[in-house]
Amino acid sequence: MEYNLADLFESVVDVVPDREALVYIDHPGTGAERRLTYAQLDTAANRIAHHLVESGIRPGEHLGLHLYNGIEYLQTVLACLKARIVPVNVNYRYVEEELVYLYNDADLVALVFDAEFTERVAAALPQTAKLRHLLRVGAAPEGVTEPSIAPVAYADAEAAGSDARGFGPRSPDDQFIIYTGGTTGMPKGVMWRQEDLFFAGLFGGEPSGEPVKRPEELAERVAKGGAGITFFPTPPLMHGTSTLTSFVAFNYGQRIVIHRKYAPEEVLRTIAKEKVSSVSLVGDAMLRPLVDALHGPLKGTDLSSLFSVSSSGAIMSDTVRAQFQALAPNVMLLNNFGSSESGSNGKATADSGPEKGFRLEVNERTQVVDVVTHEPVAVGEPGRLAQRGHVPLGYYNDPAKTAETFFQKGEERWVLLGDMATVDEDGIVTVLGRGSQCINTGGEKVYPEEVEQALKSHPDVYDALVAGVPDAKWGNHVAAVVQVREGAPQPSLDEIQTHCRTRLAGYKIPRQLVITQEIQRSPSGKADYRWARTVAADAEG
């Protein structure tokens with residue numbers, strides 16, 4: 001047995017076959033539910049894996065998942081891993097041009113897609129080079145243009161496929177690709193060896209303790225433990241965080257609940273109904289609607305089962321965390337920090353917030369290094385976060401970007417991350433922000449995340465993004481794009497500046513305020529800074 005994700009999953013299935021593994025609730029929508037035990041999920045994945053093999057998809061070839069959340073998403077990922085096919089996530093918000101880019105850049109030979117995306121797939125397909133096999137989940141809407149390659153119905157493929165395992169030996173070198181980006185540039189495919197992903201992204205089978213030392217130890221731990229933990233990844237599975245959270249749960253032999261789409265009130269109802277233990281989400285964009293629902297129509301919802309709410313990909317601001325904590329004082333709120341290129345780096349400290357900045361306790365594999373020399377920076381000096389050891393192989397189809405981001409230092413391979421940071425005498429890291437989003441104003445550097453934290457602490461601000469806008473005097477000035485809380489008065493620029501001066505140095509204060517109906521973010525809640533810059537520049541222009 002190897003550190004291979006399919007091998008590890010099957011070892012868990014064999015010790016807890018009758019334990020419930022996956023619950024799917026179609027909200028908002030019909031309210032339909034599906035429940036699968038570990039044995040049932042394993043069998044369902046075997047059937048799709050055999051269909052893919054019999055359709056001529058070979059080990060090492062790439063299959064795209066163009067899907068909303070559902071049983072079929074995780075079932076297909078497992079099927080790919082079993083057959084040594086490489087799963088590739090597809091952002092379901094992409095339109096034709098973006099899909100053509102991703103389908104070709106990822107060298108997809110097969111695609112599993114939801115029926116809602118039939119017309120987009122049909123439009124992109126003729127412009128792709130290698131895509132030759134389609135599986136469609138659900139029936140196509142009437143009157144839409146069908147793809148030039150006839151899709152196979154997912155249900156038919158599952159029904160016809162063998163339920164046995166019967167696959168050849170697998171390897172820890174088998175790949176898993178996570179496409180990231182698209183809000184600040186063209187998406188990039190991060191190539192992981194499965195063994196490296198297991199330790200860097202899945203905590204070696206133990207997020208809160210000692211990683212396993214042998215592959216067989218994972219199932220041994222599951223066999224000794226009991227059920228009772230329910231994980232609820234609420235962001236889209238097509239963003240790597242939710243898929244990895246699901247595999248963390250599988251490695252524990254515990255239960256996962258998923259919704260088709262994020263609907264805050266339904267999330268709270270499910271927490272109560274399914275006795276959810278751990279919710280994962282992405283920042284204020286997902287936490288704040290839960291707070292609003294708990295203040296309003298879902299006031300008094302039973303959250304007694306809930307142990308933790310964790311965020312990755314965007315931070316939960318100090319203001320919104322305090323609002324949620326007042327409603328659910330026994331729930332632990334965790335700002336985790338990581339990326340598609342590094343897996344997990346650490347978690348925020350208790351004093352992390354607008355006054356002291358976003359401060360992290362990082363793991364032993366993470367350092368702040370000089371961008372040029374790659375040596376650790378001195379205390380208080382800015383550098384880039386970097387991680388060593390279990391890191392990706394690089395970016396798929398992009399040797400130039402790989403050479404720029406990954407480096408060898410002694411006997412170890414490192415990845416240079418996009419976040420600027422400093423480190424103090426105690427080893428605590430303060431994240432300044434993404435270097436690519438840094439605003440240079442009058443020679444001073446301003447990181448949007450810091451200003452956004454200050455803006456969100458204003459009582460009338462519901463959400464905010466910060467961007468740099470060209471300025472004849474300063475080079476760039478700081479612009480705040482703000483969504484006002486419903487029913488609240490619209491703040492003036494003077495009011496915003498006065499509020500921020502109590503929390504930020506003068507050069508970081510927004511010089512422009514744009515009020516918008518809604519802040520645009522990805523489905524997972526990640527910031528769309530390209531959009532913010534455009535909105536601010538257009539308002540200035």
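Calculation criteria
Residues numbered from 1 in each chain as written. Predicted model: local features only at pLDDT ≥ 70, side-chain atom pairs only at ≥ 80, totals over all residues. Heavy atoms only, no water. Helix = DSSP H or I, 4+ residues; strand = E, 2+ residues; numbered from the N terminus. Rg over C-alpha atoms; globule rule 2.2 N^0.38 Å. Buried < 20%, exposed > 50% of the residue type's maximum accessible area, 1.4 Å probe, protein only. Contact = heavy atoms within 4.5 Å. Areas by Shrake-Rupley, 256 points an atom, 1.4 Å probe, with all protein chains shown as cover. Lys, Arg positive; Asp, Glu negative; His and termini not counted. Charge placed at Lys NZ, Arg CZ, Asp CG, Glu CD. Salt bridge = Lys/Arg side-chain N within 4 Å of Asp/Glu carboxyl O. Axes fitted to C-alpha atoms, helices over the stretch in contact; angles between N-to-C directions. Parallel < 35°, antiparallel > 145°, perpendicular 65-115°, else oblique. Left-handed = near helix turned anticlockwise from the far one by under 90°. Nonpolar A, V, L, I, M, F, W, Y, C, P; charged D, E, K, R; others polar. 1 Å grid on protein atoms, 1.4 Å probe; cavity = no way out; pocket = protein on both sides within 12 Å on 5 of 7 lines; lining within 4 Å. Points joined across faces, edges and corners; volume = space filled by probe spheres on them. Core = buried A, V, L, I, M, F, W, Y, C linked by side-chain atoms within 4.5 Å.

Another aspect to go through is the overall build of the protein chain. From N to C terminus, the protein chain includes 16 helices and 27 strands. Here the C-alpha atoms of the protein chain give a radius of gyration of 23 Å, agreeing with the 24 Å that 2.2 N^0.38 yields for 541 residues. With the C-alpha coordinates aligned to their principal axes, the bounding extent of the protein chain is approximately 65 × 55 × 50 Å. Here the protein chain, with 541 residues, has 58% of them falling under the buried criterion. Restricting the contact set of the protein chain to residue pairs at least 6 apart, pairs at least 24 apart contribute 66%. With the model as given, the accessible surface of the protein chain reaches about 21600 Å², and the carbon-plus-sulfur share is 49%. In the protein chain, the 51 positive side-chain charges and the 71 negative ones have mean positions that sit 2 Å from each other.

This brings us to the pattern of salt bridges. A full pass over the atoms with the stated rule returns 44 salt bridges. Glu33 serves as the salt-bridge partner of Lys273, at 3.0 Å between the closest nitrogen and oxygen. Of the two residues, Lys273 is situated in helix H10 (residues 264-274) and Glu33 in strand S2 (residues 33-37); the sequence distance between them amounts to 240 residues. By relative accessible area, Glu33 is classed as partly exposed at 36%. For Glu274, the salt bridge is made with Lys273, and the minimal N-O distance between the two is 2.8 Å.

Let's shift gears to the packing of helix H1 (residues 5-15) against helix H3 (residues 71-83). The N-to-C vectors of H1 and H3 enclose an angle of 110°; their axes lie 8 Å apart at closest approach. For the element pair H1 / H3, the angle class is roughly perpendicular. Read as a crossing pair, H1 and H3 show a hand that is left-handed. On H3, the residues that touch Leu5, Ala6, Phe9 and Glu10 of H1 are Leu78, Leu81 and Lys82. Residue composition of the contact of H1 with H3, by class: five nonpolar, no polar and two charged.

Going through the model one piece at a time under the given rule, you end up with one cavity of 30 Å³ or more. When its volume is computed, the largest cavity comes out at roughly 90 Å³. Surrounding the largest cavity, 14 residues form its lining, Tyr73, Asn89, Phe176, Ile177 and Thr243 being those nearest its centre. Mapped onto the lining of the largest cavity, the elements with two or more residues apiece are H3, strand S4 (86-89), strand S8 (175-180) and helix H9 (240-252). Tallied by class, residues from the lining of the largest cavity come to 10 nonpolar, four polar and no charged.

It is generally the case that most residues other than glycine have a negative phi and that most peptide bonds are trans. One non-glycine residue, Arg84, lies in the positive phi region at around 65°. Within the fold, Arg84 resides in the loop between H3 and S4. With a phi close to 60°, Phe203 is a non-glycine residue in the positive phi region. Here Phe203 shows up in the loop between helix H7 (194-200) and helix H8 (215-224). Take Phe203: its relative accessible area is 30%, and that puts it in the partly exposed class.

Counting 102 residues, the largest nonpolar core has Tyr103, Phe198 and Phe250 as its most contacted members. With nine residues, H3 is the single largest residue contributor to this core. If near-sequence neighbours (up to four positions away) are discounted, Tyr103 is found in contact with His66, Val90, Leu108, Leu111, Val121, Ala124, Thr128 and Leu131. Counting 28 residues, the second largest nonpolar core, distinct from the first, contains Ile271, Val279, Leu306 and Val320.

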